[in-house]
Amino acid sequence: MKHNFGAGPCILPAIVLDQAADAVRDFNGIGLSILEISHRTPEFEAVINETQGLVRELLNVPADYSILFLQGGASTQFSMLAMNFLHQGKKAAYLDTGFFSLKAIKEALFFGEVDIVASSKDKNYYYVPVGYQIPATAAYFHYCSNNTIEGTEMFSHPASSVPVICDMSSDIFSRPIQVADFDLIYAGAQKNMGPAGMTLVVVKNNLLEKITAEVASMSDYRIFRDNNSMFNTPPVFSIYVAMLNLRWLKEKGGVTQQEVENIAKSDLLYTEIDRNTLFYGLADPKDRSRMNVTFKMHDPGLEAEFLDFASQKGIVGIKGYPSAGGFRVSLYNALPISSVEVLVKCMQDFEAKNLNQKVSLENKVTV
Ligand SMILES: *Cc1c(COP(=O)(O)O)cnc(C)c1O
């Protein structure tokens, strides 16, 4: 048994994997695999419509928003959103909170000017800035609600008189949100929604009415809205597995119940990080992410040994992002609290083992 703390693609519920495997062999008893049916069949139309319905229900999406399933990952959204909304002569406002927000800024710069309203770069992005102004003339304000690599998360956002665009790739469906506070939300599916290959976009229809730029078809949100996300062949299997996963989420009580579990899981781990003499957390406690927990060891020389110790207990996916180092433990929806308990026990055992070694070493020295 593995405890999968990987940052993405994420752990999925065992039942979802079983159902997906069944559909690969024979989809709904029609004698064909989900992988080999046309996206124009009534069978697949039912899948895409149910998936949209589940997104609308679980996130309580108002009627004047469209739900789109696109491809190219969240990374494609970085440029696509600027292509659509960063019009000639305008500047877009961006909050710089780390690796992915910086990537979004770099892509926007291909299409126009960017005003970085605040940055937490001064402290390696281990906090979220507050108290900045969003210019009323900005084309839009962009930020990332959960910084997957740094381990910070925003639970509220600044009031903005301009359209708000949010990258929610790694905390979508982890808690209730007020969709009406946003004009466009996007998320690569593989962090907390399903397998890689599909990107969710939830967009306010009247934002799309404001597009004046010339946009190529595959980058035009309006084309995907008008074609029910089937302007070209959609990522059929990714959408199908996301649907199964959202059914699972609905069944267990939706995002309200999920938030309770996510708070319990993250509290358990942060409490141990703060208690354990070998480890320390990286993110400012007030901005700690419930999805991605980042920490290091006071003695970096022990990190490889701890990784090995943990892997013997079936713990996988906890190594930090290469440029960040240390550890990053991801607690996505499908990860059971029992896996967090195993990790916490492992940290305690490693601490005890280490103290014993120290004591025996000190004894040797004093003898
Ligand atoms: C992973 C991630 C991305 C990039 O997603 P891709 O689907 O790989 O392009 C963007 N933003 C955030 C917050 C992420 O966690």
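Note that the coordinates shown come from a computational prediction; the quantities given were computed from them, not determined experimentally.

S.K.: Explanation requested: the site of the ligand in the structure shown.
M.R.: Inspection of the region around the ligand gives 13 residues, with Ser75, Thr148, Asp167, Gln190 and Lys191 positioned closest. A distance of 3.0 Å is found between an oxygen atom of the ligand and a backbone nitrogen or oxygen belonging to alanine 74. Within the side chain of lysine 191, a nitrogen or oxygen atom sits 2.6 Å from an oxygen atom of the ligand. The fraction of the free accessible surface of the ligand (380 Å²) that becomes covered by protein chains is 87%. Looking at the shell around the ligand element by element, the count peaks at 4 residues for helix α3 (residues 73-85).

S.K.: What is the right way to read the UniProt feature "binding site: L-glutamate" (unreviewed entry) in the protein from this model?
M.R.: Within this numbering scheme, the UniProt entry marks Arg40 as carrying the feature "binding site: L-glutamate" (unreviewed entry). Of note, arginine 40 is situated in the loop between α1 (14-25) and α2 (42-58). Dropping the residues within four chain positions of it, arginine 40 is found in contact with Glu45, Met230 and Phe231.

S.K.: What's the story with the UniProt feature "domain: Aminotransferase class V" (unreviewed entry) in the protein in this structure? I'm lost.
M.R.: UniProt records the feature "domain: Aminotransferase class V" (unreviewed entry) at residues 4-341, using the numbering of this structure. With 34% helix and 17% strand, the stretch residues 4-341 has end C-alpha atoms that lie 13 Å from each other.

S.K.: What's the story with the nonpolar core in this structure? I'm lost.
M.R.: Looking at soluble globular proteins, one finds that nonpolar side chains tend to be buried together. Core analysis: the largest hydrophobic core is formed by 60 residues, its most contacted members being Val55, Phe141, Phe173 and Met193. With 9 residues, the single largest contributor to this core is helix α7 (residues 236-251). Those residues in contact with phenylalanine 173 that sit more than four places away from it in its chain are Val55, Leu58, Leu59, Asn192, Met193, Leu200, Leu246, Leu249, Val255, Gln258 and Asn333. Ala104, Val201, Val203 and Phe224 belong to the second largest nonpolar core, which has 30 residues in total.

S.K.: Help me out: how do you make sense of the sheet that holds strand β4 (residues 113-119) in this one?
M.R.: Hydrogen bonds between backbone atoms are what pair the strands of a sheet, whose relative direction is either parallel or antiparallel. Judged by pairing direction, the sheet is mixed, and its 7 strands sit side by side in the order β2-β10-β9-β8-β5-β3-β4 without closing on themselves. Sheet topology places β2 (65-70) and β4 at the edges, where each strand pairs with a single neighbour. Each neighbouring strand pair of the sheet contributes to a mean axis angle of 20°, computed without reference to strand direction. Bridge count for β2 against strand β10 (residues 199-204) is 6 bridges, and the pairing is antiparallel. Each residue of the ladder has a partner; that of phenylalanine 69, found in β10, is leucine 200. Packing of helix α4 (residues 99-108) onto the sheet brings it into contact with β3 (91-96), β4, β5 (141-144) and β8 (164-167), and relative to β3 it is tilted by some 160°.

S.K.: Is there a simple way to explain α4 in this structure?
M.R.: Note: α-helices contain 3.6 residues per turn, so residues at a spacing of three or four share the same orientation. The set of residues buried in α4 consists of Phe100, Ser101, Ala104, Ile105 and Ala108. Around the axis of α4, the buried residues are gathered within 150° of arc, so they sit on the same side. Tucked into the core, α4 has its buried residues touching α3, β3, β4, β5 and β8.

S.K.: Honestly, the packing of aromatic side chains in this entry has me stumped. Any pointers?
M.R.: Two aromatic rings, taken as a pair, are described by how far apart their centres are and by the angle between their planes. Summed over the entire model, instances satisfying the criterion amount to 17 aromatic pairs. A ring pair is formed by phenylalanine 78 and tyrosine 186, whose centres lie 6.3 Å apart and whose planes are at 75°; its orientation type is edge-to-face. Of the two residues, phenylalanine 78 sits in helix α3 while tyrosine 186 sits in strand β9 (residues 184-188), which places them 108 residues apart along the sequence. A relative accessible area of 2% means that phenylalanine 78 is categorised as buried. Judged by relative accessible area, which is 0%, tyrosine 186 ranks as buried. Through pairs of rings, three or more aromatic residues link up here, namely Phe279, Phe295, Phe306, Phe309, Phe327 and Phe350. Lying across the ring of tyrosine 127, lysine 123 places its NZ or CZ 5.6 Å from the centre. Seen from the ring of phenylalanine 309, lysine 313 lies directly overhead, with NZ or CZ sitting 3.8 Å from the centre.

Definitions and limits used
- Residues numbered from 1 in each chain as written.
- Predicted model: local features only at pLDDT ≥ 70, side-chain atom pairs only at ≥ 80, totals over all residues.
- Heavy atoms only, no water.
- Near = heavy atom within 4 Å.
- Polar contact = N/O pair within 3.5 Å; in protein donor to acceptor, adjacent residues only side chain to side chain.
- Areas by Shrake-Rupley, 256 points an atom, 1.4 Å probe, with all protein chains shown as cover.
- Helix = DSSP H or I, 4+ residues; strand = E, 2+ residues; numbered from the N terminus.
- UniProt positions renumbered as here; feature names shortened; annotations may be inferred.
- Contact = heavy atoms within 4.5 Å.
- Core = buried A, V, L, I, M, F, W, Y, C linked by side-chain atoms within 4.5 Å.
- Buried < 20%, exposed > 50% of the residue type's maximum accessible area, 1.4 Å probe, protein only.
- Pairing = 2+ DSSP bridges.
- Axes fitted to C-alpha atoms, helices over the stretch in contact; angles between N-to-C directions.
- Arc of directions from axis to C-beta.
- Phe/Tyr/Trp six-rings, centres within 6.5 Å; stacked < 30°, edge-to-face > 60°.
- Lys NZ or Arg CZ within 6 Å of the ring centre and 35° of its normal.

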